[in-house]
Structure formats: C-alpha cells, structure tokens
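Residue-level listing of the chains:
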Amino acid sequence: QVQLVESGGGLVQPGGSLRLSCTASGSIFSINAMGWYRQAPGKERELVARISNVPTTNYADSVKGRFTISRDNAKNTVYLQMNSLKPEDTAVYYCVADVRRDFSDYWHNYWGQGTQVTVPS
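These remarks concern the structure in this document.

1. Overview of the sheet that holds strand E8 (residues 77-82)
Point 1. Taken together, four strands build an open sheet; the order of strands is E1-E3-E8-E7 and the sheet is antiparallel. Looking at strand neighbours, the two that pair on one side only are strand E1 (2-7) and strand E7 (67-72), the edges of this open sheet. Here the strands of the sheet are splayed against their neighbours by 15° on average, with no regard to which way each runs.
Point 2. Pairing analysis gives six bridges linking E1 to strand E3 (residues 18-26), with the strands arranged antiparallel. Directly across from Gln-3, in E3, lies its bridge partner Ser-25.

2. Thoughts on the environment of Arg-100
Point 1. Within the secondary structure layout, Arg-100 lies in strand E9 (residues 91-100).
Point 2. For Arg-100, the residues in contact, after removing those within four places along its chain, are Ile-28, Phe-29, Ser-30, Asp-105, Tyr-106 and Trp-107.

3. Notes on the pairing of strand E11 (residues 115-118)
If a strand is regular, its side chains alternate between the two faces of the sheet.
Point 1. Covered by surrounding structure in E11 are Thr-115 and Val-117 only, the residues Gln-116 and Thr-118 on the alternate face being uncovered.
Point 2. The pairing of E9 with E11 spans three bridges and is classified as antiparallel. Each bridged residue has a counterpart across the sheet, and for Ala-91 the counterpart in E11 is Val-117.

4. Thoughts on the pattern of salt bridges
Point 1. One pass over the full model with this rule turns up five salt bridges.
Point 2. Between Lys-64 and Asp-61 there is a salt bridge, with its nearest N and O atoms 3.1 Å apart.
Point 3. On the basis of relative accessible area, Asp-61 is assigned to the exposed category, the value being 64%.
Point 4. The structure contains a network of salt bridges with shared partners spanning Arg-38, Glu-46, Arg-66 and Asp-89.

What counts and how
Residue numbers run consecutively from 1 along every chain, following the written order of its sequence. With the structure being a predicted model, the display of local features is reserved for residues of pLDDT at least 70 and the display and counting of side-chain atom pairs for 80 or more, all residues being used for whole-chain, interface and lining totals. Think of the side-chain values as coming from all heavy atoms in the structure, minus any hydrogens and water. Any two strands with at least two DSSP-identified bridges between them are counted as paired. Under the DSSP-based scheme used, a helix requires at least four consecutive residues in state H or I and a strand at least two consecutive residues in state E, with every element numbered from the N terminus. Fitting a line to C-alpha atoms yields each axis, with helices limited to the stretch in contact; the angle taken between N-to-C directions then spans 0 to 180 degrees. By definition, residues are in contact when any of their heavy atoms lie within 4.5 Å. Exposed residues in this analysis have more than 50% of their type's maximum accessible area, buried residues have under 20%, and partly exposed residues fall in between, with area computed by a 1.4 Å probe over protein chains only. Each salt bridge in this description consists of a side-chain nitrogen of Lys or Arg and a carboxyl oxygen of Asp or Glu lying within 4 Å of one another.

Now the structure itself:
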C-alpha cells in the first residue's frame, strides 16, 4: 500500500505565505508526476500545480506567479510554496502522486487526506 501524508496547512492572513509538504511512503517502486489539487466549499476539486519527474511544472492560472511547486525525489516529497495568499485560496489542499509499486505494476494515482488552508477576508 502507498500512503501520502500532507502537512503545513493552517490559517494565514491575506498576503501571507504557507508551505505545504506531502510525503509518499509504503510500497513504492517509482513515482512519476506529483501534484496539488484543492477543493473549496461548494466547488469542484481543481488542479493547483503539477510537477513531473523531469521535472516540468504547470500551474493553474489563478496561482501563477504566487505558488511554486517543487519536489525532493530522494524523500518522495512534493512541496507547494504559497505566497501572496488571497481569501479565494481558501480550500482543502490534496496531494496526489502517480506511483508504480513494483516493476510489473501499472501507474496508479494515490491521494492524501487533505490539509486545510484558510485565508480570511
């Protein structure tokens, strides 16, 4: 089994910063892309940022220039540095990783449990 555990969420004032971390553990042979999604109350889950193992990155338009995704392959960890936070960034943030558990396995998406980020208006 594979587990993803996020940390770093919390309450921050507008204009502030937070850094989210997500570490994958368990039966892991290889990790391809990793990323962050978010879901605000009453809204659908949306992609925030994604990083491949090359690495290449892509971001939602709403966070470009404010958020930075990075990864440490040795630690199976992905980070999301969030700067200039706005009330509309308030959401539960979920980590996702594309994992192979052994050489013969297919790629599977695994999700973390989510971490709350709140930016009051």
